[in-house]
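One letter stands for each residue in the lines below.
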There are 2 protein chains.
Amino acid sequence: MGMNFLVGQSGGPTAVINSSLAGVYETVREMGQSKVYGMQYGIEGLLNGHILDLDEKLSSPLAIELLKRTPSSYLGSCRYKMPAPEENEEVYKKLFDIFAQYEIGAVLYIGGNDSMDTIARLSAYGSRINSSIRFVGVPKTIDNDLVLTDHTPGFGSAAKFIATVMKEIIRDSTVYDLKSVTVAEIMGRHAGWLAAAASLACTEDCEGPDIILLPEVPFQADRFLNEVRRLQDQKPSVIIAASEGVKTADGTYLCDLSGSEAPVDAFGHKAALSGTGRYLADLIHHGLGCKTRAIELSTLQRCASHLASRTDISEAYRVGGAGVLAALEGHTGCMSAICRLSSHPYQYSTELVDVQQVANKEKMVPREWISENGLQLTADFEAYARPLIQGELDPMFVNGVPCHLSQNNL
Amino acid sequence: MGMNFLVGQSGGPTAVINSSLAGVYETVREMGQSKVYGMQYGIEGLLNGHILDLDEKLSSPLAIELLKRTPSSYLGSCRYKMPAPEENEEVYKKLFDIFAQYEIGAVLYIGGNDSMDTIARLSAYGSRINSSIRFVGVPKTIDNDLVLTDHTPGFGSAAKFIATVMKEIIRDSTVYDLKSVTVAEIMGRHAGWLAAAASLACTEDCEGPDIILLPEVPFQADRFLNEVRRLQDQKPSVIIAASEGVKTADGTYLCDLSGSEAPVDAFGHKAALSGTGRYLADLIHHGLGCKTRAIELSTLQRCASHLASRTDISEAYRVGGAGVLAALEGHTGCMSAICRLSSHPYQYSTELVDVQQVANKEKMVPREWISENGLQLTADFEAYARPLIQGELDPMFVNGVPCHLSQNNL
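Residues numbered from 1 in each chain as written. Chains lettered and ligands numbered in written order. Predicted model: local features only at pLDDT ≥ 70, side-chain atom pairs only at ≥ 80, totals over all residues. Heavy atoms only, no water.

### What about the relation of the copies chain A and chain B?
Then, number 1: Once chain A is rotated about the relating axis by 180° and shifted along it by 0.0 Å, it coincides with chain B to within an RMSD of 0.1 Å. Accordingly, the operation relating the two chain copies is best matched by a two-fold axis. Taking the C-alpha atom as reference, chain A places Glu296 of chain A closest to the rotation axis, 3.8 Å from it.
Then, number 2: When you check the interface residues of chain A against chain B, 90% turn up at the interface there too, and the contact is symmetric in its surfaces. (Least-squares fit on C-alpha atoms with pLDDT ≥ 70 in both. Contact = heavy atoms within 4.5 Å.)

Have a look at this one:
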């Protein structure tokens with residue numbers, strides 16, 4: 001008979017979060033288990049009774065191939081913070097009632113550190129009430145800020161998109177014989193992994209960004225302007241990749257210096273930082289008097305599945321599958337992580353880590369992977385990140401645009 | 001012996017402007033002619049003595065294949081307005097001296113309507129002084145606003161990028177179970193072709209944008225807000241594609257309306273106008289109270305060669321070659337245009353048109369291709385535009401990112 005599985009997606013989407021869903025679904029099928037249900041809009045949607053039978057949606061091989069190429073969360077997502085059981089046990093009772101109703105044996109939750117907090121709380125509560133349900137986290141975030149995993153699925157594709165479009169923007173920026181500075185603003189409110197990925201634009205045919213600003217390095221306006229001035233004496237077009245989370249030594253975000261007031265989400269995070277690129281472009285314009293422009297790479301960083309990394313797609317699929325195997329082996333309160341075996345050649349395996357140790361923590365770019373002056377990445381960063389952007393999975397083009405799996409078209 | 005050719009690129013770059021350069025170069029070679037020189041930074045660069053021998057750069061087949069996949073103007077570009085000869089004949093004398101020095105028989109200029117003005121002026125001046133040099137324009141602009149050609153090379157690739165990322169953004173926007181409105185700002189200050197291309201996101205698996213705002217249709221805030229309200233009663237996530245050039249009936253750009261509050265930057269100086277998308281997002285937020293976000297598709301619209309249309313690349317190449325043939329046949333003061341033979345199946349040929357009739361004119365989206373309420377495109381627009389985004393030319397990925405032809409790497 002086998003076990004019924006329930007799978008959900010949570011937090012911000014990525015280009016490959018659906019590949020993890022595909023890995024979960026197909027592994028359950030291959031292991032001869034019973035139903036696979038999907039939460040619609042994550043735990044929050046589940047609390048509202050939104051549950052799908054995935055066998056009705058994903059049973060054809062074409063559906064799975066399309067799913068791997070479909071950006072954003074196929075099941076829908078949420079940003080829901082689980083209350084502590086002692087504050088609101090009703091939520092737990094309601095969820096475990098739903099689990100019982102559908103005879104769920106294992107719950108897999110694909111998400112970032114907030115989602116791992118959800119898994120940690122559910123498995124702790126489950127233990128307390130002697131539930132046999134297994135709760136397993138599957139890592140996902142473009143931000144690459146989860147601890148205890150070499151990297152997170154979603155990062156490689158975002159990094160590939162960022163490196164590719166930085167090359168294109170650099171070429172666009174050098175087209176006129178004019179002094180100019182271009183600032184590209186890149187996602188990452190706390191950790192600078194995505195801005196660091198801009199350095200991967202540096203290849204035989206491209207110098208890459210001239211300066212990379214990370215949240216890990218306190219911003220000093222004078223040093224920064226001096227460096228821009230020095231660069232502009234050497235080359236007309238200067239390119240800066242800046243994390244949206246760049247801040248000064250006292251912890252003030254540059255985008256707050258620019259005066260924008262951002263709302264706060266359920267987790268106490270600033271919901272939408274923007275304006276760092278604009279701030280820097282204005283700073284340079286007033287400081288050096290040259291032409292500047294600010295470009296936000298925007299939401300495409302998390303949804304440009306047309307340029308996903310094949311390595312990332314495969315790994316996302318595999319950690320999904322590993323989560324299913326972990327549950328079948330009786331593990332709970334764990335996350336399937338990626339463990340790097342070597343960088344040259346790139347090899348990895350999966351392993352299980354304690355989800356409690358992952359929840360609510362953040363991994364920063366190590367200082368030793370940042371150049372001494374704080375404005376570039378080192379060869380160690382490249383050795384780490386370059387393997388993660390290798391390979392492509394061609395979109396299926398229909399009518400000139402990539403085809404996605406929607407809940408209606410197959 | 002044959003003729004020496006001189007080729008330049010001018011105006012804003014596109015994803016396929018280099019494919020026209022490839023078409024020019026290879027056609028000159030195939031026709032057994034002599035040298036091909038390139039102006040660096042257009043006519044303005046030429047006036048400063050910047051000229052390249054393209055045989056040193058483009059003679060290998062691999063270089064040509066990379067060139068076709070390289071965004072932005074390989075030769076560099078300029079935005080230089082030719083003075084009238086009666087105002088400043090020195091410029092003409094200097095240019096014709098350079099032509100004589102390099103024994104140039106034909107000048108090809110790849111560009112938009114300003115560049116066609118340059119060709120018109122040079123050929124008129126050449127006739128006046130009995131020069132035998134032929135001056136031929138090769139059309140190029142993502143804006144698709146040139147008259148006397150069915151469409152312009154560059155438009156198809158920009159349209160394919162816009163349609164693809166609109167699909168991805170739409171999917172990203174529906175991920176949470178929340179009412180929200182997303183406004184994507186699309187290039188096109190005068191003509192709405194690019195914003196109209198957002199409608200091509202509408203395919204079996206995607207409804208496409210709910211509203212498309214074009215410069216051709218005067219903006220009425222009340223009607224617009226009513227339509228957004230009506231849509232939001234039907235679906236939580238409403239998507240709007242807006243041309244940066246949307247204006248009110250009295251001709252005021254929305255981005256200028258957003259300047260009525262006289263925004264200042266963090267340094268107390270008047271800020272750059274915040275943009276049409278931001279204005280619309282704020283209007284909706286204040287009018288309807290829902291969550292909104294504004295996304296600028298930005299400069300990637302003109303340089304995302306990683307997602308170029310193969311149809312566009314081929315056509316760009318072919319109009320370049322047709323320009324060479326025109327010059328060899330003795331034509332001057334003309335532009336090689338695209339003439340559509342049929343839409344189903346899509347077939348075209350090239351023809352020569354009078355460049356004087358092209359210069360300084362703009363072609364708008366016809367009113368009959370816009371729906372009656374002014375907020376969508378019709379099937380006639382799709383029949384026109386859909387063929388132009390068909391096909392892909394896979395980038396050559398090296399180290400995980402597309403390889404380009406730079407002036408140094410081959």
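There's more to say after this.
### Some words on the confidence of the model for chain A
Then, number 1: Per-residue confidence for chain A gives a mean pLDDT of 94, with 95% of residues at or over 70.
Then, number 2: The ipTM assigned to the predicted complex is 0.95, against a pTM of 0.96. (pLDDT = per-residue confidence, 0-100.)

### Description of the pairing of strand β5 (residues 134–139) of chain A
Residue and element names in this part refer to chain A.
Then, number 1: Counting buried residues in β5 gives five out of six residues, a clear majority hidden from the surface.
Then, number 2: The parallel pair strand β4 (residues 104–111) and β5, bridged by helix α6 (residues 113–128), forms a crossover whose chirality is right-handed.
Then, number 3: Pairing geometry for β5 and strand β10 (residues 334–343), over two bridges, is parallel. Bridging across to β10, Gly137 finds its partner in Met335. (Buried < 20%, exposed > 50% of the residue type's maximum accessible area, 1.4 Å probe, protein only. Helix = DSSP H or I, 4+ residues; strand = E, 2+ residues; numbered from the N terminus. Right-handed = clockwise from strand over helix to strand, strands pointing away. Pairing = 2+ DSSP bridges.)

### Some points on the pattern of salt bridges
Then, number 1: Across all of its chains, the model carries 34 salt bridges over all chains by this definition.
Then, number 2: The salt bridge involving Glu382 of chain A is made with Arg386 of chain A; its shortest N-O contact spans 2.7 Å.
Then, number 3: Residue classification places Glu382 of chain A among the partly exposed positions, given a relative accessible area of 34%.
Then, number 4: Using a relative accessible area of 7% as the deciding quantity, one classes Arg386 of chain A as buried.
Then, number 5: The shortest N-O distance in the salt bridge between Lys68 of chain B and Glu65 of chain B comes to 3.1 Å. Pair noted here: Lys68 of chain B and Glu65 of chain B are both in helix α4 (residues 61–68), with a separation of three residues, about one helical turn.
Then, number 6: Looking at Lys68 of chain B, the relative accessible area reads 16%, which means it is buried.
Then, number 7: Within the structure, one salt-bridge network assembled from shared partners comprises Arg29, Lys35, Asp53 and Asp55 of chain A. (Salt bridge = Lys/Arg side-chain N within 4 Å of Asp/Glu carboxyl O.)

### Brief notes about the packing of helix α9 (residues 221–234) of chain A against helix α11 (residues 276–288) of chain A
Describing two packed helices takes the angle between their axes plus the distance from one axis to the other.
Residue and element names in this part refer to chain A.
Then, number 1: The N-to-C vectors of α9 and α11 enclose an angle of 70°; their axes lie 11 Å apart at closest approach. Considered as vectors, α9 and α11 are oriented roughly perpendicular to each other. As for how α9 packs across α11, the hand of that crossing is right-handed. Where α9 approaches α11, its residues Ala221, Phe224, Leu225, Val228, Arg229 and Gln232 are matched on the opposing element by Leu280, Leu283, Ile284, Gly287 and Leu288.
Then, number 2: Taken together, the residues of the contact of α9 with α11 break down into eight nonpolar, two polar and one charged. (Axes fitted to C-alpha atoms, helices over the stretch in contact; angles between N-to-C directions. Parallel < 35°, antiparallel > 145°, perpendicular 65-115°, else oblique. Left-handed = near helix turned anticlockwise from the far one by under 90°. Nonpolar A, V, L, I, M, F, W, Y, C, P; charged D, E, K, R; others polar.)

### Here we look at the sheet that holds strand β11 (residues 346–354) of chain B
Residues and elements named next belong to chain B.
Then, number 1: An order of β3-β2-β1-β4-β5-β10-β11 is seen for the seven strands of this open sheet, with the pairing classed as mixed. One side of each edge strand has no neighbouring strand; the edge strands of this open sheet are β3 (51–53) and β11. Between one strand axis and the next, the sheet turns through 30° on average, direction left out of account.
Then, number 2: The sheet contacts of helix α1 (residues 17–30) involve β1 (4–9), β2 (36–39), β4 (104–111) and β5 (134–139), and relative to β1 the element is tilted by about 180°.
Then, number 3: Here helix α6 (residues 113–128) sits on the sheet and contacts β4, β5 and β10 (334–343); the angle it forms with β5, its principal contact strand, is near 170°.

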